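The lines below spell out each chain.
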Amino acid sequence: MSGGVGGASCLETNDWICGEYLRTRSQELVDATVQHIGITAVSVAIGLLIAFPLALVARRWRGAAGPVLGLTTVLYTVPSLAMFALLTPVFGVSASVVVTGLVLYSLTILVRNILAGLAAVPAEVREAARGMGYGPARLLYEVELPLALPALVAGLRIATVSTVAMTTIGSVVGYGGLGNLIASGMEGFFKAEVLTASALCVLLALLADLLLMGLQRLLTPWTRAQARSKARARRGARMAKAVG
């Protein structure tokens, strides 16, 4: 949309959908998107690196499970503005404030899903692996983790999508990616800026979720085989019931 009343441009008429805005601010949109992706990716990666050993500690020592889960849950309940205010004296006004806050928020989702995935591994599978001479480390990495991948990736998808959304709050310290544009657009009631940045944020979340879903399918081909087997079994049961 490039024209308005009397031939005025969509920027002059402050339209929600404006091609001229996309043309004239393309570099600004690219820069904000790249920053958004970078903050999200780093936050989720660090969160996973921290959550994994925490989940192992909580599983290995039952006395640690309560404190670990309780602490991560409490951190998740801290309002984002308060979190950033507490972290700013430590890291200064920098991207580290946003990344650290997002890492802390991701822990409750990631730790719980890793624990749920590991707990879902059948006990007989563990016993069979131990009977074959698997030690604790080999059992974890070659047996338990592959079987826990669906739950782990499910948690990773939730954490990633929520982190994409929460990155926008980083605009309070100037490191919010697309959130910076949303905030400035809201301040000046610049409709095209608000709508475009919001739409890009939603698109990033959808793309990240689809990529992780594809990764899960790639890493767990046996789940598709199981699903096909169950579907064939259901069809066979329905046919047998119809014939009978």
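Going by the structure above, here's the rest.
The text that follows walks through the structure, step by step, so that each part is easy to find. This structure is a prediction, so every number in the text was calculated from the model and none was measured.

**Details of the nonpolar core**
Okay, so step 1: Ranked by size, the top nonpolar core spans 33 residues in total, and within it Ala51, Val98, Val111, Ile114, Leu118 and Leu145 carry the most contacts.
Okay, so step 2: Secondary-structure elements contributing two or more residues to this core are helix 2 (26-60), helix 3 (62-77), helix 4 (80-91), helix 5 (95-119) and helix 7 (136-166).
Okay, so step 3: No other element matches the 14 residues that helix 5 contributes to this core.
Okay, so step 4: The residues contacting Val111, other than those within four sequence positions of it, are Ala51, Leu54, Ala55, Val68, Leu69 and Thr72.
Okay, so step 5: Core analysis: the next-biggest nonpolar cluster, separate from the first, contains 15 residues, Cys10, Ile182, Cys201 and Ala205 among them.

**So, the packing of aromatic side chains**
Okay, so step 1: If you walk through the whole model with that rule in mind, you get two aromatic pairs.
Okay, so step 2: The interplanar angle of 80° and the centroid separation of 6.4 Å between the aromatic rings of Trp16 and Phe189 together place this pair among those described as edge-to-face. Here Phe189 lies in the loop between helix 8 (178-188) and helix 9 (191-219) and Trp16 lies in the segment before helix 1 (19-24), a separation of 173 residues in the sequence.
Okay, so step 3: Residue Trp16 is classed as partly exposed on the basis of its relative accessible area of 43%.

**Looking at the packing of helix 7 against helix 9**
Okay, so step 1: Put simply, helix 7 and helix 9 touch, their axes get as near as 9 Å, and they point 170° apart. The pairing of helix 7 with helix 9 is recorded here as roughly antiparallel in orientation. The handedness of the crossing between helix 7 and helix 9 comes out as right-handed. Contact residues: helix 7 offers Leu149, Pro150, Val153, Ala154, Leu156, Arg157, Thr160, Val161, Val164 and Ala165, while helix 9 offers Cys201, Leu204, Ala205, Ala208, Asp209, Leu212, Met213, Gln216 and Leu219.

The rules behind the values
Residues numbered from 1 in each chain as written. Predicted model: local features only at pLDDT ≥ 70, side-chain atom pairs only at ≥ 80, totals over all residues. Heavy atoms only, no water. Core = buried A, V, L, I, M, F, W, Y, C linked by side-chain atoms within 4.5 Å. Buried < 20%, exposed > 50% of the residue type's maximum accessible area, 1.4 Å probe, protein only. Helix = DSSP H or I, 4+ residues; strand = E, 2+ residues; numbered from the N terminus. Contact = heavy atoms within 4.5 Å. Phe/Tyr/Trp six-rings, centres within 6.5 Å; stacked < 30°, edge-to-face > 60°. Axes fitted to C-alpha atoms, helices over the stretch in contact; angles between N-to-C directions. Parallel < 35°, antiparallel > 145°, perpendicular 65-115°, else oblique. Left-handed = near helix turned anticlockwise from the far one by under 90°.

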